[in-house]
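Fold and contact review
What follows is each chain in one-letter form.
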Amino acid sequence: MSILVTGGAGFIGSHTVVELLERNEKIVIVDNFCNSSPNVLDKIRDITKKDIKFYEVDLLDEKNLEKVFKENDIEAVIHFAGLKAVGESVEQPIKYYHNNITGTLILLKLMQKYNCDKIVFSSSATVYGKPEHLPIKEDFPLSTTNPYGSTKLMIEQIIKDVCISNENFSVAILRYFNPIGAHESGLIGEMPNGIPNNIMPYILKVANGEYNTLTIFGNDYDTHDGTGVRDYIHVVDLARGHLKALDKIRKEKGVQIYNLGTGKGYSVLDLVYMFEKVNKVKINYKIGPRRPGDISACYADVTKAKEELGWKAEKGIEEMCKDAWRFIIKQSKK
Ligand code: NAD
Ligand code: UDP
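The sections below set out a description of the structure shown in this document. Since this is a predicted model, take the numbers as computed values, not measurements. (Residues numbered from 1 in each chain as written. Chains lettered and ligands numbered in written order. Predicted model: local features only at pLDDT ≥ 70, side-chain atom pairs only at ≥ 80, totals over all residues. Heavy atoms only, no water.)

1. Things to note about the nonpolar core
If you look at the biggest cluster of nonpolar residues, it comprises 39 residues, and the most contacted ones within it are Ile27, Ile44 and Leu174. Examining the composition of this core, we find that 7 residues originate from one element, helix H8 (residues 235–251), more than from any other. Once residues within four sequence positions are removed from consideration, isoleucine 44 is found in contact with Gly8, Ser14, Val17, Val18, Leu21, Lys49 and Ile52. Residues Leu65, Val68, Ile101 and Leu107 belong to the second largest nonpolar core, which totals 28 residues. (Core = buried A, V, L, I, M, F, W, Y, C linked by side-chain atoms within 4.5 Å. Buried < 20%, exposed > 50% of the residue type's maximum accessible area, 1.4 Å probe, protein only. Helix = DSSP H or I, 4+ residues; strand = E, 2+ residues; numbered from the N terminus. Contact = heavy atoms within 4.5 Å.)

2. What about the site of ligand 2?
Around ligand 2 sit 14 residues, and of these Thr215, Phe217, Arg230, Arg291 and Asp294 come closest. In this structure, an oxygen atom belonging to ligand 2 sits 2.8 Å away from a side-chain N or O atom of arginine 291. Side-chain polar atom of aspartate 294 to an oxygen atom of ligand 2: 2.5 Å apart, as the coordinates give it. Protein contact buries 88% of the 510 Å² of open area that ligand 2 shows by itself. Among the elements that make up the shell around ligand 2, the one with the highest residue count is strand E8 (residues 214–217) (4 residues). Within the shell around ligand 2, the residues separate by chemical class into 6 nonpolar, 5 polar and 3 charged. (Near = heavy atom within 4 Å. Polar contact = N/O pair within 3.5 Å; in protein donor to acceptor, adjacent residues only side chain to side chain. Areas by Shrake-Rupley, 256 points an atom, 1.4 Å probe, with all protein chains shown as cover. Nonpolar A, V, L, I, M, F, W, Y, C, P; charged D, E, K, R; others polar.)

3. A look at the layout of surface pockets
Its volume calculated, the second largest pocket comes out at about 180 Å³. Lining the second largest pocket are Lys130, Pro131, Glu132, His133, Leu134, Tyr221, Asp222, Arg290, Asp294, Ile295, Ser296 and Ala297. A breakdown of the residues in the lining of the second largest pocket according to their chemical character gives 5 nonpolar, 2 polar and 5 charged. (1 Å grid on protein atoms, 1.4 Å probe; cavity = no way out; pocket = protein on both sides within 12 Å on 5 of 7 lines; lining within 4 Å. Points joined across faces, edges and corners; volume = space filled by probe spheres on them.)

4. A look at the sheet that holds strand E2 (residues 27–31)
What links the strands of a sheet is backbone hydrogen bonding, and the strands pair in either a parallel or an antiparallel sense. One open sheet holds the 7 strands; their spatial order is E3-E2-E1-E4-E5-E6-E11, and the pairing between them is parallel. Of all strands in the sheet, those with a lone pairing partner are strand E3 (53–56) and strand E11 (254–260), marking the two edges. This sheet shows a mean twist of 15 degrees between the axes of neighbouring strands, independent of strand direction. Note: strand E1 (residues 2–6) against E2, 4 bridges, orientation parallel. Residue pairing in the sheet places leucine 4 in a bridge with valine 28 of E2. Along the sheet face, helix H6 (residues 147–165) touches strand E5 (118–124), strand E6 (170–176) and E11 and points at about 155 degrees away from the line of E5. (Pairing = 2+ DSSP bridges. Axes fitted to C-alpha atoms, helices over the stretch in contact; angles between N-to-C directions.)

5. Notes on the site of ligand 1
Neighbouring ligand 1 are 26 residues, the closest being Asp31, Asn35, Ser36, Lys84 and Tyr148. In the environment of ligand 1, an oxygen atom lies 2.8 Å from a nitrogen or oxygen atom belonging to the side chain of lysine 152. Within the complex, 96% of the 820 Å² of free accessible area of ligand 1 lies under protein. Contributions of two or more residues to the shell around ligand 1 are made by helix H1 (11–22), E5 and H6. Ranked by residue count, the leading element in the shell around ligand 1 is E5, at 3 residues. The residue makeup of the shell around ligand 1, split by class, is 12 nonpolar, 10 polar and 4 charged.

As structure tokens, then:
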């Protein structure tokens, strides 16, 4: 039987595929390359020395997605495929709701039809809205501030309802904090299209000279240096969390929800200074206004994942900065 990985050519998906292959799991990837490129698949082959079964299919294309279920015996799905740019989701909400929600509904419908009853879903810490306390626990109140976040929260609810309707169903909802870094080989990493929204891809473009200056969005937050604090997690640690979640849902039915973070918060300036120190490059920055919708600080309570999955993040912020930069250097040498 195989694990279907939707969005397996993307940033987190590709790192998870590597970990799955290294554990000798049989996998099938589905991706439409709307935010990734086919050469990622070659890189995964280079790293793992294994072949990959791949379908270029859009989740919205039910007919061709059904072919994947017909031609493969799918035991479980790890569902990464989705659009993820917060700003774009505010400008184009219908595109986001259609892609993320309709895509998931079609996937769930086919899972039901082909008796596949296990799914690991990529959710986000954004579903905690503006948390009243820190660190954030899984049972905190949920709310969202943009259409992207709303798609995550709605999909969580849809999956929970499917679980209620089918006692054989098992689900792991993983709420990621801030994934950064890259595979230590330097072959796969994060490659956003267009101007990056997130901090690390922006730092990388300043580091390689593509952009002159990083704008730090506010230095008047109630944090140790005034800049926003986040829980950055190495993408390889995050990927490994998915294997642990898969093990869990293979054993237990029902819904399990886990925060995947390190439990530690770093400010924007902490991250910039660490990047400069470990990579010996200068990051020009200036302080700008706050970005609308941003919260001052966000970091996870990771006790539940540790106790129930036996998982915790192993890699520190230095390694995240080094690995992210190695990936960029390797790209520019080609
Ligand atoms: P990514 O954009 O790199 O990967 C998503 C992949 O899904 C891409 O390869 C894209 O081409 C594919 N895709 C999108 N819509 C599709 C569709 N309709 N049919 C087929 N393929 C489709 O993003 P990522 O950073 O790897 O994120 C993976 C998941 O994790 C997403 O659901 C995202 O919302 C969620 N997430 C990401 C972060 C983050 O900061 N990266 C944080 C929290 C949650
Ligand atoms: N940030 C910044 N400049 C940028 C991008 C992000 O100062 O160009 C800050 C942002 O305000 C936040 C932190 O970096 O405090 C992480 O932002 P990101 O968008 O990566 O993640 P999110 O805000 O979604 O957690």
